[in-house]
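A closer look at the structure
So you can see what is in the structure, the chains are spelled out below.
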Amino acid sequence: MRRYRFGWIAAPIAVAFGGAAVVAGVFALVTGDAAVLRALVAHGWGTDMVPYTWWVEVILAGGGILTGWALWQILRGRRAGEAPVLARPVRLLRAALYVSLACALAYEAPIPYQWWLELPGTLTQFAIVWLFLVVLAGSVPRWLRIVALVAGLADTAVDLVAIVAYGLGQYWDLPRLGNVLHLLWVVPVLIGQARDGRWSRGTVRAGMVAAVLASLSSGSFMIVGFGGIADHGTVILMVRTILSVFELIWMARTAHELAGPPPEPSTRRGERAAVRPWPLAAVAVVLPSVPAAVNLAQGMPFWTGPRGAVDMFFREYSSYPAGLAWVAVDVLVGVGAPAVLVLVAVIRRSRRLLTGTILFLVLAAAAGVVTALTARPEEDWQVVPEMAEERLAVYPDGQFGGGLDGQLVFGLSPLWYSAALAVSALVLFLLYAAPLAARRGRRVFAMALATAVALVFVPAADRSQGPVTTAADCSPPDRRHTEVEPAPLTGERAFICEVRTGQVLDIPATMPDQALLAYGRSLCGVYTRDDPRELARVESEEGLRVRDLYWAIDHICPAAAAKVKTEREADDQEFAAFHAEERAKCAATPRHRPLIEPVKAVRLDDPVWPETGLEMRDTAGTGDSGGGRHDDLVESGPGHLTVSVDSEYHLCVTLETYSRRPPVETKGWDHVTEAGYTSTDGELVFQDVLAGIVLPDLSPDGRRGRYRIRVHHAWFPWKGEERGTQRLLIMAYPGKDDKLVTYRKPAGSR
């Protein structure tokens, strides 16, 4: 603590934060309540985004320790002692770095987001880009400084335009371009820092980690993904968010060390390992080429191909350039390029090159193991063709074809590559490892890096599939043999069936129910927070307008359920008002006054709304509809009679049955037609099956025999509209004539 100017302040804060994260992690593991841990370490990543899972909380507790260490790095200040006299550009760069650091920390504060809060830090970045290249003038060639200057200014300008555009209500993002520009700026800066004597190797390494994370970042802000109970995609994004503190660490250490004494020069810089017997070194060189030779003999130049969790990470959760770089690595390892790297390392015997080669071999071996363990069966390639097209987009056409039943063939298992690479790394380590005292720090760094990588890929190996409800499972049971109406679906089951049967979300049919529920709850979190920036990010990444999905997630989302309830109540009120007006129209139509006494008469209080007209069919007869007679209002034939009406308007119906022929009435009607009908079942019932309309029976006490059916139709005006509603009067009486007679018809009708 005494070695740094503010160490006595930074140390207690760092220890307190790290300890609080550990306590919160233990509390989460014991009680299952991760709210405190999430708020402390990863605010914005609540259980609605990443459901509680024990290993997720372990990762977050480790992230809390990392954040505490980051606070120590940021708050401790420069080394203690008298400050050296600094040149003006150095002082300005220090000040700009501290301003940018303060803006970044303020942005993480739990305050409501305002787009203009990002402007100070972004504007300060213009000064940082310029001043870095001035300060590093003696360490970086001029052409490289010019490239870095142009890229850095362009990258910052893109960020500034995106921020202002968002403030004006637009969403403007260039993730692929932005990452490339950022790397073109930061890599020359790191090269200059490594050559300059003012910065320590730890600062440069922190910058390298930040640069790698930036290269892997997709540049977007998608926080919704798929997976098991705790989806590995969202966990990766969450971990990447926590690891973003390395950029703050690099900025802070860069500013601190500008005002401190230069670090002690390394005595191991440029050191070479001792010469070892060539047969053993040859083993390390040849091993990586053995599986490559077998694969190439089978016409397969790729190592893993488009499968497994590692490929999915680079394809779905990293930047486009990083995805292309992964494909390049896939090709290089597949054709045996690691053997060339090992050969160069053995010839040069540089400690740095040997260490980097061993680290690459170990990481590649681990990636091969993860790929082999997480490669899914080929069923999803057959069920979801779009998934195959997306994965194969950057590979040669037909490269992986030729399998049985159309299955894809990937060549030799990645486990063979992993075994060869791991043994080669072990041989290099045993031959050229540094003395024990010299490699303690490196071992700690390697172990920490390996642990971090393992933690990132734990979700891929811990994915629990669970049951998968199909659309057929959600189909209602056959109710022909039961009178009990099944209870409507509610809660999680209703949401799952809504997605499975309605295809309201673009998800694979093989996604487990638990993964689907986790995805739905993450959408609920986005919908509930209703943050415009978050909504825009999700729409950009997933193509989902979350505000419009409330009707699909209402069964598992209280906020969406409240929205649905409000809309249903409004719809009910609107329908009630509409139905009341339609009843009022029918009530206002003139009542028919029969000229003779009917056997029975019915005037319906409620209007009906047919979809296909009204049909009367003799169920005991042939039901043959051929050879009929018709006009625009009535169609009749053996066993059936149909009344055609306008399906866009309601219908006010009056039914009358007579014991003898009533007088013909045409006054007040637009169309009057009469036809014959024979009832062998004793029923005279008009209905519309599609609309669920069944009118009262016209037959007098179930009398069978021959009838005449007279139909009257007219339009009734309403509130200035000539066609307000339809009136329909149907008369039935005994009669033996089958002729169709039209007593009155509108002009222009048949």
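Attention in this report is confined to the structure presented alongside it. Residue indices begin from 1 for each chain and proceed along its sequence in written order. pLDDT decides what is reported in this predicted model: residues at 70 or higher carry local features, side-chain atom pairs at 80 or more are listed and counted, and totals for whole chains, interfaces and linings draw on all residues regardless. Derived side-chain values reflect all non-hydrogen atoms in the structure, with water molecules and hydrogen atoms excluded from consideration.

1. Concerning the overall build of the protein
Helix and strand counts for the protein come out as 25 helices and twelve strands. Of all intrachain contacts in the protein linking residues separated by at least 6 positions in sequence, the fraction that spans at least 24 positions is 77%. As displayed, the protein offers around 38000 Å² of accessible surface, 61% of which is attributable to carbon and sulfur atoms. Secondary structure is summarised from DSSP: a helix means a run of H or I of at least four residues, a strand means a run of E of at least two, and numbering begins at the N terminus for each. Should any heavy atoms of two residues lie within 4.5 Å, those residues are counted as being in contact. Note that accessible areas follow from Shrake-Rupley with a 1.4 Å probe, and for residues the cover is restricted to the protein chains shown.

2. What about the pairing of strand β5 (residues 640-643)?
Across the two faces of β5 the burial is the same, with His640 and Thr642 and Leu641 and Val643 all buried. Only strands that DSSP links by at least two bridges are regarded as paired with each other. Where strand β2 (residues 614-617) meets β5, four bridges bridge the pair, whose relative direction is antiparallel. Within β5, the position partnered with Glu615 by the bridge is Thr642. Of the pairings in the sheet, the one linking strand β4 (residues 634-637) to β5 comprises four bridges and is antiparallel in character. Paired with Ser636 across the strands is Leu641, a residue of β5. Burial classification: accessible surface area is computed with a 1.4 Å probe over protein chains only, and a residue below 20% of its type maximum counts as buried, one above 50% as exposed, and the rest as partly exposed.

3. So, the packing of helix α15 (residues 337-348) against helix α19 (residues 414-432)
One way to put it is that α15 packs onto α19 with a least axis distance of 12 Å and a crossing angle of 5°. As judged from the angle between their axes, α15 and α19 are roughly parallel. Taken together, the residues of α19 that come into contact with α15 (itself represented by Pro338, Val342 and Val346) are Leu421, Ser424, Leu428 and Tyr432. All residues other than Ala, Val, Leu, Ile, Met, Phe, Trp, Tyr, Cys, Pro, Asp, Glu, Lys and Arg, Gly among them, are scored as polar; the first ten of these are nonpolar and the last four charged. Looking at the contact of α15 with α19 residue by residue, the class counts come to six nonpolar, one polar and no charged. Only the stretch in contact is used when fitting a helix axis, every axis being a line fitted to C-alpha atoms; angles between N-to-C directions are given from 0 to 180 degrees. The cut-offs work like this: below 35 degrees is roughly parallel, past 145 is roughly antiparallel, 65 to 115 is roughly perpendicular, and the gaps in between are oblique.

4. As for the packing of aromatic side chains
Aromatic contacts are taken between Phe, Tyr and Trp rings whose centres are within 6.5 Å, Trp giving its six-membered ring; a plane angle under 30 degrees counts as stacked, one over 60 as edge-to-face, and the others as tilted. Here the structure, examined in full by the defined rule, presents eight aromatic pairs. Between Trp303 and Trp326, the ring centres sit 5.6 Å apart and the planes meet at 50°, which makes this aromatic pair tilted. Placement of the pair is Trp303 in the loop between α12 (289-297) and α13 (308-316) and Trp326 in helix α14 (residues 320-334), with a sequence separation of 23 residues. The buried category is assigned to Trp303, whose relative accessible area is 1%.

5. Comments concerning the environment of Arg195
By the secondary structure assignment, Arg195 is in helix α7 (residues 175-195). For Arg195, a relative accessible area of 56% corresponds to the exposed category. As a C-alpha pair, Arg195 and Ser139 span 56 residues in sequence and 5.9 Å in three-dimensional space. Non-local contacts of Arg195, meaning those with residues more than four positions away in its chain, are made with Ser139 and Pro141. In protein, a polar contact requires one atom able to donate a hydrogen and another able to accept it; more generally it is a pair of N or O atoms within 3.5 Å, and residues adjacent in sequence count only if both atoms are side-chain atoms. In terms of polar contacts, Arg195 uses its side chain to reach the backbone carbonyl oxygen of Ser139, at 3.4 Å.

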